[in-house]
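Descriptive structure summary
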Amino acid sequence: MSLDDLPPAIVQTDPDLVAGFAHDEARLVARSTPVAVLSPRDTDEVAACLRAARAAGLAVVTRGAGTGLAGGANAPAGSVVLSTRRLDRIVAVDVEERVAVVQPGVLTGDLRAAVEEVGLFYPPDPGSVAISTIGGNVATDAGGMCCVKYGVTGDYVLGLEVVLADGRVLRTGRRTVKGVAGYDLTHLLVGSEGTLGVITEVTLRLRPAPPAPATVVATFASLPDAGRAVERMTADALDVSLLELLDATTLRAIDAHTGMGLDAAAMLLVQSDQPDPTATLAAVQRACEGAGAVDVAVTTDVEEGRQLLEARRQALPALERLGDWLLDDVCVPRRAIVALVQGVEQVARTEGLTIGVFGHAGDGNMHPTVIFDQQDPESEAAARRAFDAITALALDLGGTVTGEHGVGRLKAGWLARELDPVALDVHRAVKAALDPEGRLNPGSVLDG
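I will try to describe carefully the structure that is included in this document. Nothing here was measured: the structure is a model prediction, and the numbers come from that model. (Residues numbered from 1 in each chain as written. Predicted model: local features only at pLDDT ≥ 70, side-chain atom pairs only at ≥ 80, totals over all residues. Heavy atoms only, no water.)

1. Some words on the overall build of the chain
The helix and strand tally for the chain stands at 15 helices and 21 strands. Rg of the C-alpha trace for the chain: 22 Å, near the compact-globule value of 22 Å for 448 residues, within the 12% margin. Counting only C-alpha atoms, the chain reaches 65 × 60 × 45 Å along its principal axes. Split into buried and exposed, the 448 residues of the chain put 54% on the buried side. Sequence separation of 24 or more characterises 73% of the internal contacts of the chain that already satisfy a separation of 6 or more. (Helix = DSSP H or I, 4+ residues; strand = E, 2+ residues; numbered from the N terminus. Rg over C-alpha atoms; globule rule 2.2 N^0.38 Å. Buried < 20%, exposed > 50% of the residue type's maximum accessible area, 1.4 Å probe, protein only. Contact = heavy atoms within 4.5 Å.)

2. A look at a nonpolar patch on the surface
The grouping of Ile90, Val93, Val95 and Val118 at the surface amounts to a nonpolar patch, some 260 Å² of accessible area in total. By secondary structure assignment, the location of valine 93 is in strand β5 (residues 90–94). Accessibility expressed as a relative area gives 33% for valine 93, which makes it partly exposed. (Patch = residues over 30% accessible without salt bridge, like charges linked within 9 Å, V, L, I, M, F, W, Y side chains within 5 Å. Areas by Shrake-Rupley, 256 points an atom, 1.4 Å probe, with all protein chains shown as cover. Salt bridge = Lys/Arg side-chain N within 4 Å of Asp/Glu carboxyl O.)

3. Concerning helix α12 (residues 337–351)
For α12, with 15 residues, the first-to-last C-alpha span of 21 Å sits near the 21 Å given by 1.5 Å per residue. What α12 keeps buried is the set Ile337, Val338, Leu340, Val341, Gly343, Val344, Val347 and Ala348. On its buried face, α12 sits against α7 (223–235), β13 (242–247), β17 (330–331), β18 (354–356), β20 (365–366) and α13 (377–396). The first or second residue beyond α12 is glycine 352, which carries a positive phi of 65°. (Expected span 1.5 Å × (residues − 1).)

4. A short note on α7
The first and last C-alpha atoms of α7 sit 19 Å apart over 13 residues, in line with the 18 Å expected at 1.5 Å per residue. Every buried residue of α7 is accounted for by Leu223, Pro224, Asp225, Ala226, Gly227, Ala229, Val230 and Met233. The secondary structure elements touched by the buried residues of α7 are β12 (214–220), β13, β14 (266–272), α9 (278–290) and α12. Two residues or fewer past α7, alanine 237 is found with a positive phi of approximately 55°.

5. Some points on the layout of surface pockets
Think of a ball as big as a water molecule: rolled over the atoms, this probe shows where empty space is left. For the second largest pocket, the calculated volume is near 790 Å³. Lining of the second largest pocket is provided by 26 residues; of these, Arg112, Phe121, Pro213, Arg306 and Leu309 occupy positions nearest its centre. Counting residues per element, the ones that place at least two in the lining of the second largest pocket are α3 (108–116), β7 (120–121) and α10 (302–313). (1 Å grid on protein atoms, 1.4 Å probe; cavity = no way out; pocket = protein on both sides within 12 Å on 5 of 7 lines; lining within 4 Å. Points joined across faces, edges and corners; volume = space filled by probe spheres on them.)

What follows is the structure in structure tokens.
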């Protein structure tokens, strides 16, 4: 079997179109132009694509919307890209059992809107919610802004349909509320970034829709002050559904981009979706004022809350306007947030670079974003040094090299530094068992 044996409607070899599928949004990560783009329409066609690629000796890189930030969808030489864009159906929404069954190409925002219409809630809310796909979210175990209360994508995955490297179709998990039969293959595959199989269907847990959130906005004269407010809220175990931090560089960029009048050394954006959030909002206000907040404002107006949340979603697009960018994704214990942001500031001074800091302070997952000039070799070298220094700092603080974007190719070399040797051996053994020829997304996650 070869690519020529596949239905012509799902094979694209036009150079101009194929070039657009060569990479995701990660910077400074190697990529090549794929041999072809395959866009199967159902599970059987996915299986046929994998068998054809294997027969042709080609690697397979699975791609959702291409919004990834770790190079996990970058095509190596001698590969085909398998696009899930045509696998875009919401197969079923079971209101009684609070379960949705979807294909991987469904946009996350579309699923959230669909279940909201029947009074249900799909919590995972990545910054790219309007354009990222469920399959990509599952592949990277994506997080988002409400992780502080609701967790990450993997917390909502009940089962999967996955095509393995040899074309066999595997079903994992269940649709029941409970179930512990056998190894947990579902969550082995969640976060595997296309290196163990191609996801073709996802069964997701849903929740009852929560009340509209109330919002607190607090500004600070220094970034460490904001970090201390986060530590106070964490120590008090406040029931917040969102806790975001933005530094001065990011706020200035957002203000230049949106004209929202944001001017502070740091800002915290906090939400609570409790039925009666009064006590929580008061505790948030006390924590912020106790940490030296310059101003604290509380609103229960839903539209105002949405506008403030949209400002947070504009953080990366706004920083992009400052120059070339390299976004890091690290997670540290919440008590270490102050040390992390102070360390990032020192890295910026040392390298003479602008670094914007924003992210999910409620779970310690921050996104220092290095601004540089890719046309200047010295600037690019400084950016790489800064990125490495920040990632190393996260490990030194007891954290991890990625909180939600995945390892991809960008951080494949860092995984060996985070894992102990036995854990790394087990990773490689699992990869060898499910993909013995190493054809699924080679070079991603494990770099050798």
